[in-house]
Amino acid sequence: MTFFTNAGYKILKACVNQSEGMHPRVFCRRWFGLEDIQEDGRLRFTETQILAMESEHGYREKCVNLIAKILKIKPNTVQRWGKGVEFSNIPSDKRHQYETYLRYVDMLRVLSANLAKHDETLVIKLLNSSTKSAQKNNLESFDFKVSEKSEILV
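Residues numbered from 1 in each chain as written. Predicted model: local features only at pLDDT ≥ 70, side-chain atom pairs only at ≥ 80, totals over all residues. Heavy atoms only, no water.

So, the pattern of salt bridges
- According to the stated counting rule, one finds ten salt bridges in the structure shown.
- For E99, the salt bridge identified is with R95, shortest N-O distance 3.0 Å. One end of the pair, E99, and the other, R95, are both in helix α6 (residues 92–118), four residues apart, so they sit about a helical turn from each other.
- For E99, a relative accessible area of 12% gives the class buried.
- One salt bridge in this structure joins D106 and R109, with 2.8 Å as the shortest N-O distance. Of this pair, D106 and R109 both sit in helix α6, three residues apart, which is roughly one turn of the helix. For the residue pair D106 and R109, the accessibility class agrees, reading buried in each case.
- A network of salt bridges, in which partner residues are shared, links R25, R29, E35, E47, E54 and E86. (Salt bridge = Lys/Arg side-chain N within 4 Å of Asp/Glu carboxyl O. Helix = DSSP H or I, 4+ residues; strand = E, 2+ residues; numbered from the N terminus. Buried < 20%, exposed > 50% of the residue type's maximum accessible area, 1.4 Å probe, protein only.)

So, the packing of aromatic side chains
- Applying the stated rule across the entire model yields five aromatic pairs.
- On the numbers, 5.8 Å between centres and 65° between planes, the contact of F32 with Y59 is edge-to-face. With F32 in the loop between α2 (24–31) and α3 (47–54) and Y59 in helix α4 (residues 59–71), this pair connects stretches of sequence that are 27 residues apart.
- Here Y59 falls in the buried class, since its relative accessible area comes to 7%.
- Ring-pair connections join several aromatic residues into one group, and the members of that group are W81, F87 and Y98.
- Over the face of the ring belonging to F32 we find K62, whose NZ or CZ atom lies 4.8 Å from the ring centre. (Phe/Tyr/Trp six-rings, centres within 6.5 Å; stacked < 30°, edge-to-face > 60°. Lys NZ or Arg CZ within 6 Å of the ring centre and 35° of its normal.)

Quick word on the nonpolar core
- F27, I67, I70, V78, W81 and F87 are the most contacted members of the largest nonpolar core, which totals 24 residues.
- Counting residues per element, this core draws most heavily on α4, at eight residues.
- Residues contacting W81, with those up to four places away along its chain left out, are P24, I67, L71, I73, F87, S88, N89, I90, P91 and Y98. (Core = buried A, V, L, I, M, F, W, Y, C linked by side-chain atoms within 4.5 Å. Contact = heavy atoms within 4.5 Å.)

Here we look at the side chain of T100
- Counting through the fold element by element, T100 comes out in helix α6.
- Overall, T100 belongs to the buried group, its relative accessible area being 10%.
- Engagement of the side chain of T100 in a polar contact is seen with the backbone oxygen of H96, the distance being 2.7 Å. (Polar contact = N/O pair within 3.5 Å; in protein donor to acceptor, adjacent residues only side chain to side chain.)

A short note on α2
- Within α2, six of the eight residues are buried, which leaves the element mostly enclosed by the surrounding structure.
- Among the residues of α2, P24, R25, F27, C28, R29 and W31 are the ones counted as buried.
- Looking one or two residues past α2, G33 carries a phi angle of roughly 80°, positive in sign.

Overview of unusual backbone geometry
- One non-glycine residue with positive phi stands out, namely K72, at about 60°.
- With respect to the helices and strands, the residue K72 is situated in the loop between α4 and α5 (75–79).
- One non-glycine residue, F87, adopts positive backbone phi at about 45°.

What follows is the structure in structure tokens.
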């Protein structure tokens, strides 16, 4: 368990030190697999295909709900960030905080997915252990499941 805690801390520290966040649009693309890379190293979708998928009915709502849940804010707040998935009206006083947190969550998703490729039961044990720990500390926690594609689902 210490390894996972230390790894999470190192990821957060690297994220903060880089002073680079992840834009909500990019976060959604990665979370929903639009930027996946195939085994041969090529992108799974072209930019034109990604833009078409982003404009499909319901995609923006999925993004809004995901971002709101991750950032623990109301979906209406995310709705006010602009039309479509550009999210160009994020309040400037919160932008760095939100984007840094999205980068951190994405890094944890990638780390978990890579661990799951090697030992899915280890990831489930780590997530269950951290959930129990969070509940002991009276912190809000999500129910995590590992899908067959080795991605974390909330």
